[in-house]
Amino acid sequence: MEHVDQPSGPAQSGLKFSIVIPHKQRLETLRVVFASLAEQTLGREEFEVVVGAMEYSPEYVTLCREFSDRIAVVSVLTAEEWNVSRARNLAIRHASGQVLLLLDADMALPANGLRDLYDRYFAHGQNICVTGQAIGYHDVVESDVADAEVLSWDRYRDAMAAMEASGQVHGDVRWTPEYAPAIARFPWAFVGTGLVALPLSVVRRHDLLLDEGFRGWGPEDQEWAFRISRTGTPIVQATRFFAVHLPHPRDVAANGATAWANNRYYLAKWPRLDLELALAFGWLEADRRYPEVERELAAAAGAGRSLATCRGTADGRDILLVGATVDTATGAPEPEVAALFDAHRPVRTYPLAGFGLPYPDASVEECRLLPPVGRLSPPYREAIRREAERAARKVVAAADDDRR
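Residues numbered from 1 in each chain as written. Predicted model: local features only at pLDDT ≥ 70, side-chain atom pairs only at ≥ 80, totals over all residues. Heavy atoms only, no water.

Per an unreviewed UniProt entry, the protein chain is named Glycosyltransferase, and its organism is Micromonospora fluostatini. Under the UniProt heading Pathway (unreviewed entry), the note attached to the protein chain is "Cell wall biogenesis; cell wall polysaccharide biosynthesis." Annotation of the protein chain in UniProt includes, under Sequence similarities (unreviewed entry), the sentence "Belongs to the glycosyltransferase 2 family." (UniProt positions renumbered as here; feature names shortened; annotations may be inferred.)

Given below as structure tokens:
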């Protein structure tokens, strides 16, 4: 059941921003976020706050009432199971401003945040996606937090004011030189929906809602940004666009478990070499290795052919072929590959080398590593074998005279 506390309507020309916030049981941090929005130098009549709240909480309604004279809050309420993509989508559907700003319920903006963002990047109708610095987020993202203390708004206000005044904002690893090459090659991979803005017209025109098939913590923001990039919308890193990440409880093991499943879902949806390399080596290392891997895969496959994975049955048994050769133009398995499967039975082919496989652990009966895998240099051959051993209950490697 869904409840909206005020009706949606057509875009309102006076609204520069619709700020979308997903929420469930984050009242302490949301209070600070609301306080930061209530003190924006951009006039309150120029933006709205649209919250996708996945709970019927009297305390949440009380919080909204507390700020009702300073910010316009539109609430979309539902009692469904928590899904951050669903929460954002509920809010996005009721947004009406020129620019959509996705902001997490634990990200507080500096006083000039909205005005600077609009004047620098959207005042002339630019069709770009702007991602900002999440100060403090990467310091804790891999740490368990059992009990977090949220400081008073005054403390955060003063810290952000000092950063704004200095003109020097340094606090997000994505803005360091180490990350620059990977961001140039894979800009979508470093976008977080905790702090990102783009024209609402781009979202509407290309139906850019978030994928609700992602469950729990994981790459739903990266996948969304990937689809944004496919529309031709440039992704821009904005140094002076920033927010402070507020502390909250975090269970790294639980997050990792859902991320593992979500990454396989992501790979099945977008089976690409860059993504499978990132799953095997991480995005920074994937960038460094990418040209070399492309050359090795092309040499291993041969002219006019590419490497892929094919899954079907052989003598009625579930098998997965890794290092299968397919026609580059059509994606169809080569005859010698097709002959390994039962005739007239479906075969599922992914354009993947095998560094990442879109299958749960031990879900494949048998995986066969075909000769082209043996033609790769040891780091890549071994990475593919590790992934095969994860996904399959039995792994068989074919002998190959060209093995290095």
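Some remarks on the side chain of S18
Note that S18 resides in strand β2 (residues 17–23). You can call S18 buried: its relative accessible area is 1%. What S18 contacts, discounting residues up to four positions off in sequence, is E48, A95, S96, G97, V99, L100 and L101. (Helix = DSSP H or I, 4+ residues; strand = E, 2+ residues; numbered from the N terminus. Buried < 20%, exposed > 50% of the residue type's maximum accessible area, 1.4 Å probe, protein only. Contact = heavy atoms within 4.5 Å.)

Quick look at the environment of D106
Inspection of the secondary structure puts D106 in the loop between β5 (99–103) and β6 (107–108). The exposure class assigned to D106 is buried, which follows from its relative accessible area of 5%. Within the local environment of D106, its side chain forms a polar contact with the side chain of R26, the two groups lying 3.4 Å apart. (Polar contact = N/O pair within 3.5 Å; in protein donor to acceptor, adjacent residues only side chain to side chain.)

Points about the sheet that holds strand β13 (residues 366–369)
Pairing is mixed across the open sheet formed by five strands, whose spatial order is β12-β10-β11-β13-β14. The strands lining the two open edges of the sheet, one partner per strand, are β12 (348–350) and β14 (395–397). Across this sheet, the average inter-strand angle for adjacent strands is 25°, counted without regard to direction. With respect to the sheet, helix α12 (residues 283–301) is in contact with β10 (305–314) and β11 (317–327), its orientation differing from that of β10 by roughly 65°. (Pairing = 2+ DSSP bridges. Axes fitted to C-alpha atoms, helices over the stretch in contact; angles between N-to-C directions.)

Notes on the packing of aromatic side chains
As enumerated under the stated definition, the model contains 14 aromatic pairs in all. Judged by centre distance (6.1 Å) and plane angle (65°), the rings of F186 and W188 are edge-to-face. For W188, a relative accessible area of 9% corresponds to the buried category. Ring geometry for F214 against Y265: centres 4.9 Å apart, planes inclined by 80°, an arrangement best described as edge-to-face. Within this pair, whereas F214 is found in the loop between α8 (200–206) and α9 (220–230), its partner Y265 is found in helix α10 (residues 252–269), the two being separated by 51 residues in sequence. For F214, a relative accessible area of 2% gives the class buried. Ring-pair connections join several aromatic residues into one group, and the members of that group are F186, W188, F226, W270, W283 and Y290. (Phe/Tyr/Trp six-rings, centres within 6.5 Å; stacked < 30°, edge-to-face > 60°.)

Regarding the pattern of salt bridges
Under the definition given, this model contains 28 salt bridges. Across the pair K269 and E223 runs a salt bridge, and its minimum N-O distance is 2.8 Å. Of the two residues, K269 is situated in helix α10 and E223 in helix α9; the sequence distance between them amounts to 46 residues. A relative accessible area of 0% means that E223 is categorised as buried. In this structure, the salt-bridge partner of E366 is R368, at a minimum N-O distance of 2.7 Å. (Salt bridge = Lys/Arg side-chain N within 4 Å of Asp/Glu carboxyl O.)

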